[in-house]
Amino acid sequence: SSSAKELKLIESGDVVMSTFKEWRNGWKKFFVDRQKFYDDFFEATAKGQTPKRAFEDISAELDARYAGLIEAEAAYHKKIDDVVTSFFPEGDPRKFTFAAWRERVREFQRLDKESVVAFRAEVRTLAPKQVEAAYARHWKQRQAAWENLWRTERQGIAAMTGNPQGAADFAPQAQRLQQEAA
């Protein structure tokens, strides 16, 4: 039996943990900063003062940072997925099935977050009476997206446990990834 050191589990674990911390800290900073921006803006307006920053400037910065975090999150997830993929022995067909599964999950996650960006842009253009209906529609769409993501996760788990249909669900992507790796 190989030791954890020989399998590079310690180094891989460090990569996963540091990547997770970067991901978590990026989102944490975003939400802390967002709250501060809003607090500063609304405290000034409540006192009848001109806020230091226009609401549109705050929104533009937050939108840009959110978009950057979407890309960073995808990169963090890929980095972790790549660590896990590296543990599959050469020639194991599950290696590319796993990579295809994780690629599809990352794509669904990205699309979900981009839908939030699009919704925030849309809601700014709506009349106040339209906002409530827009939120209801947006949440219904997000719930459907999450159900699709959950279904994909179950298909991936099935594929990893040897279910032929689960593996078939990812076969085209797995073949493409295998060809790209060759």
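Because the structure is a prediction, the values reported are computed rather than measured.

J.: Describe the overall build of the chain, listing the residues and the values that go with them.
T.: Secondary structure assignment for the chain yields five helices and zero strands. Listing every helix and strand of the chain by position from the N terminus yields α-α-α-α-α. In summary, the chain has a C-alpha radius of gyration of 21 Å against a globular reference of 16 Å for 182 residues, an excess of more than 25%. Considered along the principal axes of its C-alpha atoms, the chain spans approximately 70 × 35 × 25 Å. With 182 residues in all, the chain has 30% of them scored as buried. Sequence separation of at least 24 residues holds for 69% of the intrachain contacts in the chain that already meet a minimum separation of 6.

J.: Run through the nonpolar core, naming residues and quoting values.
T.: Core analysis: the biggest nonpolar cluster contains 13 residues, and F98, A100, W101, M160, F170 and L177 have the highest contact counts within it. If you list the elements that add at least two residues to this core, you get α3 (94-124), α4 (128-160) and α5 (164-181). In this structure, A100 is in contact with F170, Q173, A174 and L177, ignoring residues within four places of it in sequence. Of all hydrophobic cores here, the second largest spans eleven residues; its members include F30, F41, Y66 and I70.

Conventions adopted
Residues numbered from 1 in each chain as written. Predicted model: local features only at pLDDT ≥ 70, side-chain atom pairs only at ≥ 80, totals over all residues. Heavy atoms only, no water. Helix = DSSP H or I, 4+ residues; strand = E, 2+ residues; numbered from the N terminus. Rg over C-alpha atoms; globule rule 2.2 N^0.38 Å. Buried < 20%, exposed > 50% of the residue type's maximum accessible area, 1.4 Å probe, protein only. Contact = heavy atoms within 4.5 Å. Core = buried A, V, L, I, M, F, W, Y, C linked by side-chain atoms within 4.5 Å.

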